[in-house]
Amino acid sequence: MFSDLRVRFRSLFRSTTVTQEIDEELQFHLGQQMEKYLRAGLTPDQAKRRIRLEFGGATQIKEDCQEARGISFVEHIEQDVRYAMRMFRRTPGFTVVVVITLALGIGANTAVFSLINAVLLKMLPVKNPEQLVQFSKMQPLYGEIDGFSYPELERFQHETRTFSGLLAFADLGDVNVEANGRGEIANGQVVSGSYFSTLGVSAILGRTISPADDQGSTVAVISYKYWRERLAGDPAVVGKKIVINNYPFSIIGVTPPEFFGLQPGQAIDVSVPLKMIAQLRPEYAMIGTPYDVLTWPTRSAFLIMGRLRPGVTATIAAARIEPLFRDAMNEEARGLAGTPLDSQPERENRRQARLQVSAGGRGLAALRERFSKPLWILMAAVGLLLLIACANVATLLLARAQFRQHEMAARLVLGARRLRLMQQLITEGILLALAGGVLGIVLAFWASGSLMALMRHMGTPIVLSVQPDLRVLGFTLAISVLTAILFAWIPAHRLVRTDMGLAPNVHGAGKSAGRSHTTKTLITLQVAASLVLMVGAGLLVRSLQNLKSFYPGFRTDNVLLFDVNARLLGYTVPQTNALYRRLTDQIDALPGIRRTSFSMNSPFSGGFGEASPTIEGYQPASGSPPLIVDLNTLGPHYFETLETPILLGRDFTGDDSANAPKVAIINQRLAHEIFAGTSPIGRRLSIPTFAGDKSWYSIVGVVADAKSEDLREAVKPTIYVPTEQTVVPAGVTFAVRTAKDAAAEAPAVLHAVAQVDGRLSLSGMKTLNDQMDESLLQERLVASLAGLFGILAVLLASVGLYGVMAYTVSRKTNEIGIRMALGSRRIQIAGLVLREALLMVVAGLLLGIPAALATGRLMRSQLYGLGPYDPMTVLFAVGLMTVVAVLACYLPATRAMRVDPMAALRYE
C-alpha cells in the first residue's frame, strides 16, 4: 500500500518522467512477447497481430497505466486550468463581476475574522503561551475578582512543583515621563522581577527586569514602540536617565516590537520594578499605614499569572494551590480587623471565596469580554453576506450556462464523461473563488487598517495587530474553496445533465424550466437574506440613536474635558489643592467660559470607585448584603458646571475645604432607598474607603440621578464628596462649561493652564460629547459595520435581480414579440417583467420577515430603547428592499418595452 502511495505521490510532481518510464516498460514487455512468438514460429506480422489482439492498442495500455498511477488526474487538472483561463479571457466582463462579487464577500469575512483572531484567538507573543494561566477569585458579594495582594503572591510562590514561574503586575495608567528635557504622558506598569523571565521575553537591547531588581531598583524597561517614537530609536538608550512621576530611573532594556504586555489592545510603554509603586503612586501605595499596598493582605492590587510545568493542567494547579489560597483568604479576613471595612459579611465574603485558575495564553480577558459578542454578531452578518454573494454568482453562472449547452452537448457526443465535465466546471469555480480570495485578502488588508483608523478616530486607545497571519490566510483559503463548491455545484450539476437531443435548441422551453426555477429560488433567498441583514442593521442603528439621544442627567453640550495629575510632578497634598483652585480661577477668568470644576471620575470615563458606607440610623436587613454605592470626589460647583439639577440642598463650594466640616451630596436613588419619605439633609454617613477615615460626612444636598459609567445600565446609588476633604486622587478631570463651541476654547484653556504651571502635562482633552461617543465605541462600531454589510447585501441582491431579469427578457424576446404582434401594449409588457420580478421579491420578503424577527430576538441584549420586533425598522427595510428591486428591474423592463416585434419574431 505504501509503495503504491509513493508511486502516486511521485506521479503528481514528475509526470513526464513517470510517463517515459511507463513507455519504456511497455516497450520492454511488448518486445519480450514479440521474441516469444517469433521463437514459436510466427512471422513478424503474425506476432504483431497476436500482440494487438491480446493486449489491445499501445495507446490504450499507456492511458490505463497513467490512470492507475494518477498521471491522468494531474493532466486533467492542468487541462482544466488552461481551458478555464481561456474561457475567462473570452468573457472578461463576466469574470470581473464574479471576482469582485466574491472579493466583497470573502474580503468582508476575512476582515472581521482578522479582528476576531486579534481579539479572541491570537496567543500572546511570548514563549509557549499555552502554558500560561491566570489567577482570579470568585467572591459571594462581588463576583469574580482578578486582583490579589502582595502577601498572597509571596505565599503562592512556594508552590514550585506546579509552576515554573509566577509573575505579578499592576497597571499604573498614565505616568509622566521626562526624557531629553521634555515631559510626556505614557502608559506604565509595575512588574515583579519574575515577569519577563516567566513570560520568556528577552530584551532586544540591554536586559529586562530580573528578581535581583525586586528590592526596588530604579530601573525601567521601555517598549520598542516607545523607543522608536519617543526616543528616536537611540542605539545608546541603555543607561539613559529618565524621570517618571518626578522620580529618576535608568533605562536598562527595550522589549521586542511584537510584545505589547498582557492586555490585548493596550500597549505598555514603560515597566518598572513592582516595589517602586510606592515612589510612583504614593497616594495609592499608602506606605507606612495599615493599608500599605505591599503588606496589607486585603489590598487586591496585583494581577497574578503563572507558567505551568509540563504535564500540569489548570485543574491540577488549582487543586494544589487551594490550601495556600485558603490560608490567604483567612489572612484577608483577619486583616480587616480594626478597620472601618470590618464586618461579619465582609469576613465571610473572603472566607467563602473560591480560587479560579484559567488559561492565560491569550492575555487578560477585558477586551474579549467587551467585544466577543459584537464580533460574533458581525461574523454572522458577513457569513450571510458571503452566502448572498455565492447565490449571486450561482445565478450568473446559471445564466451563462445557457450559452454553454452547445459546448457541453458536443463534448458529451464526443465521449466525454459527465463526471469529467463536472470536474472542469468545479475547477473553473475554484479558480474564480481563489481569484476572489486573493482580491479579498487585499480588501481585508485595507479594511482592517481602515477599521483600526476608525477606532482611533472614535477616540479609543485600543491598539491591535490585525494583519492577516497563517490562521487568517488559512481561513480565507478554506472559505474560498467552500465558496467555490457552494456557487459552482448547482450550475455544474445542471450543465452536465444536458440532454444531447435538446442541446442544439438552446432556447427550448423544456430545458429552461428547471433552470428558471432554480434561478428564482436563488434570487428569493438573496432577498430574504438581505432583508435579515437590513433589519439587523436597522435595529442596531436605531439602538445607537436611542443611546445618543438619551438624557444622562446633565447637559453634554459645550463642555470641554482634560486630565491633570499634579502629583506626578511631586506636588504635596496641600500644594495640589491650591494648584487646582488656581487652575479653576484662571480658566473661569477667560471670556466665553461660564463655569469650571473638576472630579476624580468624569462621566463615561471607565468606571467609578465603590464603597460600603455606614449611614447613621440605617441598618441593612438581616441576611441582606451590605450597601454598595458608587463614589466620586468633586471640586466646587461641579453640578452647576454640568448642569445637573440639585433637588434638595446645595452644591459644593469653595468653602468646603480641608479644614471645613466634612459634607457629602447623594443622588436621588440613594435618597429614595435609604431616606424614603424623609429629608436626608443633615443626616450623616461614613466612608471607610478613604484610608480608613472614620469621619462623619453631613449630607448637604440631593442631586438628580445621572448616568456615570454605562448608558445602558441603571443609575446606581452614589455619594459625592469634596476633593479637598478626602485623600487627593492621583489625578482629576477638569470640566469647563463654555458659552459656545467647547472645542474652540481649547487653545485658550491650554494657555491658561501653562500660565499656572508650564510643566503640567495635560491629556485626554476632548468634549464631553466626544467622551460620551467613545463610551459607545462598541455600539458605534457594530452599527456602522452592520449598516455597511446591509447596504452591500442589498446591492448584491439588486445586481442579481437585474441579471436574472435581463436574462429573462433576452430569453423571452420571441414571446414578447408575439404578444406585441397580438396587440399587447408596451406598458403591459413592462408590467409582465415587473410582476415576475416582484413575485420573487415578495416571496423573499415573506421568507425573510420571520427570519429577521428571529434574528432580532437573538440580538435583544444589544438593543436599547426598542424591542426586537420593532415595526418601524421592519417596514423601512421592506420598503427599501422593494424600491431597490423595482429600480433593479427598471432597465430590463424598459428594454422589453423597446423590443421590435418583427425582429423578435425572427429571433429564433
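Residues numbered from 1 in each chain as written. Predicted model: local features only at pLDDT ≥ 70, side-chain atom pairs only at ≥ 80, totals over all residues. Heavy atoms only, no water.

1. So, the overall build of the chain
When its secondary structure is counted, the chain shows 28 helices and 23 strands. The buried share of the chain, taken over its 908 residues, is 51%. In the chain, the share of contacts with a sequence separation of at least 24, taken over all contacts with a separation of at least 6, comes to 80%. (Helix = DSSP H or I, 4+ residues; strand = E, 2+ residues; numbered from the N terminus. Buried < 20%, exposed > 50% of the residue type's maximum accessible area, 1.4 Å probe, protein only. Contact = heavy atoms within 4.5 Å.)

2. Describing the confidence of the model for the chain
Confidence in the prediction for the chain averages 81 pLDDT; 82% of positions are at 70 or higher. Contacts for the low-pLDDT stretch residues 1–5, under 50 throughout, to residues beyond four places or in other chains number 0 contacts. Across residues 502–514, where pLDDT falls below 50, the model places 17 contacts with residues more than four positions away in sequence or in other chains. (pLDDT = per-residue confidence, 0-100.)

3. Concerning the packing of helix H19 (residues 573–588) against helix H22 (residues 746–756)
For the pair H19 and H22, the least separation of the axes is 9 Å and the interaxial angle reads 140 degrees. Classified by the interaxial angle, the pair formed by H19 and H22 is oblique. The element H19 and its partner H22 pack so that their crossing is right-handed. Contact residues: H19 offers Leu579, Arg582, Leu583, Gln586 and Ile587, while H22 offers Val749, Ala752, Val753, Gln755 and Val756. (Axes fitted to C-alpha atoms, helices over the stretch in contact; angles between N-to-C directions. Parallel < 35°, antiparallel > 145°, perpendicular 65-115°, else oblique. Left-handed = near helix turned anticlockwise from the far one by under 90°.)

4. Structural notes on the nonpolar core
Counting 113 residues, the largest nonpolar core has Leu385, Phe487, Phe789, Leu801 and Met805 as its most contacted members. Residues in contact with methionine 805, not counting those within four places in the same chain, are Val833, Glu836, Ala837, Met840, Cys889 and Pro892. (Core = buried A, V, L, I, M, F, W, Y, C linked by side-chain atoms within 4.5 Å.)

5. Re helix H12 (residues 314–335)
An α-helix turns once every 3.6 residues. As a result, residues three or four positions apart point the same way. Along H12, the helix axis deviates most sharply at glutamate 322, where the bend reaches about 50 degrees; the proline proline 323 sits within four residues downstream. Listing the buried residues of H12 in full gives Ala317, Ala318, Ile321, Leu324, Phe325, Ala328, Met329, Glu332, Ala333 and Gly335. Turning to H12, the residues buried within the fold contact strand S1 (132–139), helix H7 (150–156), strand S3 (163–179), strand S10 (303–308), helix H13 (344–351) and strand S11 (354–359). (Bend = angle between axes of the 7 residues up to and from the residue.)

6. Regarding the pattern of salt bridges
Scanning all chains against the criterion turns up 22 salt bridges. Ionic pairing is found between arginine 542 and aspartate 870, a salt bridge with its closest N-O pair at 2.3 Å. Of this pair, arginine 542 sits in helix H18 (residues 509–549) while aspartate 870 sits in the loop between helix H26 (826–858) and helix H27 (871–897), and the two are 328 residues apart along the sequence. A relative accessible area of 24% places arginine 542 in the partly exposed class. When its relative accessible area of 12% is taken as the criterion, aspartate 870 is described as buried. Salt bridges sharing common partners tie together Lys137, Glu152, Glu332, Glu346 and Arg350. (Salt bridge = Lys/Arg side-chain N within 4 Å of Asp/Glu carboxyl O.)

7. Here we look at the pairing of strand S4 (residues 182–191)
For a regular strand, side-chain orientation follows a simple rule: the groups alternate between the two sheet faces. Sheet topology places S3 next to S4; 10 bridges connect them, and they run antiparallel. Along S4, the bridge assignment pairs aspartate 174 with asparagine 187. If you look at the hairpin formed by S3 and S4, you'll find 2 residues sitting between the two strands, and asparagine 180 has a positive phi there, around 55 degrees. (Pairing = 2+ DSSP bridges.)

8. Regarding the pairing of strand S12 (residues 559–564)
Burial within S12 is extensive, with 5 of its 6 residues counted as buried. Relative to strand S22 (residues 732–738), S12 runs antiparallel, the two being bridged by 6 bridges. Across the sheet, aspartate 563 pairs through a bridge with threonine 733, a residue of S22. Note: S12 against strand S23 (residues 763–767), 3 bridges, orientation antiparallel. Each residue of the ladder has a partner; that of leucine 561, found in S23, is lysine 766.

9. Concerning a positive patch on the surface
Judged by side-chain charge, Arg82, Arg86, Arg89 and Arg90 come together as a positively charged surface patch. Residue position: arginine 86 is located in helix H5 (residues 71–90). (Patch = residues over 30% accessible without salt bridge, like charges linked within 9 Å, V, L, I, M, F, W, Y side chains within 5 Å. Areas by Shrake-Rupley, 256 points an atom, 1.4 Å probe, with all protein chains shown as cover. Lys, Arg positive; Asp, Glu negative; His and termini not counted. Charge placed at Lys NZ, Arg CZ, Asp CG, Glu CD.)

10. Things to note about H13
The set of residues buried in H13 consists of Glu346, Asn349 and Arg350. One side of H13 holds all its buried residues, which, seen down the axis, span an arc of 90 degrees. In this fold, the buried residues of H13 make contact with S1 and H12. (Arc of directions from axis to C-beta.)

11. Here we look at the packing of H12 against H13
Between H12 and H13, the shortest axis-to-axis distance is 8 Å and the interhelical angle comes to 170 degrees. As the angle between them shows, H12 and H13 are arranged roughly antiparallel. Note that H12 runs across H13; the crossing there is right-handed. For the pair formed by H12 and H13, the contact residues are Arg326, Met329, Asn330, Glu332 and Ala333 on the first element and Arg347, Arg350 and Arg351 on the second. Residue composition of the contact of H12 with H13, by class: 2 nonpolar, 1 polar and 5 charged. (Nonpolar A, V, L, I, M, F, W, Y, C, P; charged D, E, K, R; others polar.)

12. A look at the packing of aromatic side chains
Going through the model one piece at a time under the given rule, you end up with 20 aromatic pairs. Ring geometry for phenylalanine 113 against phenylalanine 475: centres 4.1 Å apart, planes inclined by 10 degrees, an arrangement best described as stacked. Here phenylalanine 113 is found in helix H6 (residues 92–121), whereas its partner phenylalanine 475 is found in helix H17 (residues 470–496), with 362 residues between them in sequence. Just as phenylalanine 113 is buried, phenylalanine 475 falls in that class too. Members of the aromatic cluster, each reached through a chain of ring pairs, are Phe135, Phe148, Phe156 and Phe163. Between the NZ or CZ atom of lysine 137 and the centre of the ring of phenylalanine 148, over which it lies, the distance is 4.7 Å. (Phe/Tyr/Trp six-rings, centres within 6.5 Å; stacked < 30°, edge-to-face > 60°. Lys NZ or Arg CZ within 6 Å of the ring centre and 35° of its normal.)

13. Overview of the side chain of serine 271
You can see serine 271 is positioned in strand S9 (residues 270–273). Looking at serine 271, its side chain comes within polar contact range of the side chain of glutamine 189, at 3.0 Å. (Polar contact = N/O pair within 3.5 Å; in protein donor to acceptor, adjacent residues only side chain to side chain.)

14. Some thoughts on unusual backbone geometry
Positive phi, normally seen in glycine, also occurs at asparagine 246, with a value near 70 degrees. In this structure, asparagine 246 sits in the loop between strand S7 (241–244) and strand S8 (247–254). On the basis of relative accessibility, which here comes to 38%, the residue asparagine 246 falls in the partly exposed class. Its identity as a non-glycine residue notwithstanding, methionine 286 has a phi of 55 degrees, on the positive side. On the secondary structure map, methionine 286 appears in the loop between helix H11 (282–285) and S10. Here methionine 286 falls in the buried class, since its relative accessible area comes to 18%.

15. Some remarks on a nonpolar patch on the surface
A grouping of Val96, Ile100, Leu439, Val442 and Leu443 is seen on the molecular surface, where their side chains present a nonpolar patch of about 370 Å² in accessible area. Among the elements of the structure, H6 and helix H16 (418–457) are those that each provide at least two residues to the nonpolar patch. Looking at the nonpolar patch, the element that brings in the most residues is H16, giving 3 residues. Along the polypeptide, valine 442 turns up in helix H16. Note on valine 442: relative accessible area 49%, which makes it partly exposed.

16. Things to note about the environment of glycine 865
Locating glycine 865 in the fold gives a position in the loop between H26 and H27. Each C-alpha atom, one on glycine 865 and one on glutamine 545, is 9.3 Å from the other, the two residues being 320 residues apart in sequence.

17. Comments concerning the environment of arginine 669
Here arginine 669 shows up in helix H21 (residues 668–675). Residue arginine 669 is classed as partly exposed on the basis of its relative accessible area of 31%. Note: C-alpha distance between arginine 669 and threonine 718 (49 residues apart in sequence) is 7.8 Å. Ignoring anything within four residues of it in the chain, the contact list for arginine 669 reads Asp705, Ala714, Val715, Lys716 and Pro717. A polar contact is formed between the side chain of arginine 669 and the backbone oxygen of valine 715, at a distance of 2.5 Å.

18. Considerations on the side chain of arginine 281
Take arginine 281: it is sitting in the loop between helix H10 (277–280) and H11. Among the polar contacts made by the side chain of arginine 281, one reaches the main-chain carbonyl oxygen of leucine 172 at a distance of 2.6 Å. Side-chain polar atoms of arginine 281 contact the backbone oxygen of aspartate 174, separated by 2.8 Å.

19. Focus: the environment of isoleucine 587
Among the structural elements, isoleucine 587 can be located in helix H19. Sequence separation between isoleucine 587 and serine 597 is 10 residues, and the spatial gap between their C-alpha atoms is 9.6 Å. Residues in contact with isoleucine 587, not counting those within four places in the same chain, are Phe562, Ile593, Thr596, Val736, Val749, Ala752 and Val753.

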